[in-house]
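# Breakdown of the fold
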Amino acid sequence: MENNFGRNIKNLRKRRKITLVELAKLLKISKSSLSDYEKGYSKPGLDVLIKISNFFFIPVDDLTNSIIPEFDTIDLASNLTKIAPLKSIESLDEITQWKQKNEFNVNLLKQKNESLELQIDLMKELVQSKEAENKSLSIQLILLREKLNLPN
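Residues numbered from 1 in each chain as written. Predicted model: local features only at pLDDT ≥ 70, side-chain atom pairs only at ≥ 80, totals over all residues. Heavy atoms only, no water.

## Some thoughts on the pattern of salt bridges
Under the convention used in this document: The rule for a salt bridge is simple: a side-chain nitrogen of Lys or Arg has to be within 4 Å of a carboxyl oxygen of Asp or Glu. Only DSSP runs of H or I with at least four residues qualify as helices, and only runs of E with at least two residues qualify as strands; both kinds are numbered from the N terminus onward. Relative accessibility under 20% of the residue-type maximum defines a buried residue, over 50% an exposed one, and the middle range a partly exposed one, all with a 1.4 Å probe and only protein chains included.
Per the stated rule, a full pass over the model turns up two salt bridges. Two residues, R13 and E38, come together in a salt bridge whose shortest N-O distance is 2.7 Å. Linking R13 in helix α1 (residues 4-15) with E38 in helix α3 (residues 31-39), this pair joins segments that are 25 residues apart in sequence. With a closest N to O distance of 3.9 Å, K130 and E133 form a salt bridge. In this pair, K130 and E133 both sit in helix α6 (residues 88-147), three residues apart, roughly one turn of the helix. For K130, a relative accessible area of 44% puts it in the partly exposed group. Residue E133 is classed as partly exposed on the basis of its relative accessible area, which comes to 40%.

In structure tokens form, the structure reads like this:
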């Protein structure tokens, strides 16, 4: 899979003559995260994707789905007209709702995971208890055989 997104960010950044560190500060993300996006090692969340899109005045689809042709010939300011006027209240509400649903699902999964980890710990303790009980019974059997002078 090609890393069009990372290549696009890097090219846009260079076109604006902004260093990786400067762009990271402007976007309020770590420079290592930005570097990972540019190299294709990781992908940003929706919030960061929107920040990048807004910063460069490039629609999110253009950033992610294709290689933006010839950056030197692009007038970044003209791309303002390509971006739909912010129906942002609705869009941000949708994004917020989506984020809340996902956070809720993540929290549920964390709770289930914690519950499963607790069950595993309890099972380990039960196994250890049964092993100790078996050792105790084995010792009692040996002592009983010795007491009765029976062969082992």
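## Topic: unusual backbone geometry
Most peptide bonds take the trans configuration, and most residues that are not glycine carry a negative phi. Even without being a glycine, K17 presents a positive backbone phi close to 60°. Take K17: it is sitting in the loop between α1 and α2 (20-27). Although it is not a glycine, N149 sits at a positive phi angle of roughly 60°. Structurally, N149 is set in the segment after α6.

## Let's talk about helix α4 (residues 46-56)
A turn of α-helix holds 3.6 residues, and therefore any two residues three or four places apart point the same way. Threshold: Summarising the geometry, the arc corresponds to the directions from the helix axis toward the C-beta atoms. We call two residues in contact when some of their heavy atoms are within 4.5 Å.
Residues of α4 that are buried: V48, L49, I52, S53 and F56. Summarising the axial view, the buried residues of α4 lie within an arc of 140°, below the 170-degree limit, and thus occupy one face. Taken together, the buried residues of α4 touch α1, α2, α3 and α5 (60-65). Phi turns positive one or two residues past the end of α4, at F57, with a value near 55°.

## Section: the confidence of the model for the protein chain
Spelled out, the test is: The pLDDT value tells you how sure the predictor is about a given residue, anywhere from 0 up to 100.
Across the protein chain, pLDDT averages 79, with 80% of residues at or above 70. At the level of individual helices and strands, the protein chain shows its lowest average pLDDT in α5, which scores 77, and its highest in α3, which scores 93. The low-confidence segment residues 70-76 (pLDDT under 50) makes 15 contacts with residues lying over four places distant or belonging to another chain.

## Considering the nonpolar core
As a reminder, the rule being used: Buried Ala, Val, Leu, Ile, Met, Phe, Trp, Tyr and Cys residues that are joined via side-chain atoms within 4.5 Å together make up what is termed a nonpolar core.
In this structure, F5, I9, L23, I29, L34, Y37 and I52 are the most contacted members of the largest nonpolar core, which totals 17 residues. Secondary structure elements with two or more residues in this core: α1, α2, α3 and α4. For Y37, the contacting residues outside a window of four places in its chain are N3, F5, G6, I9, I29, S42, K43, P44 and V48.

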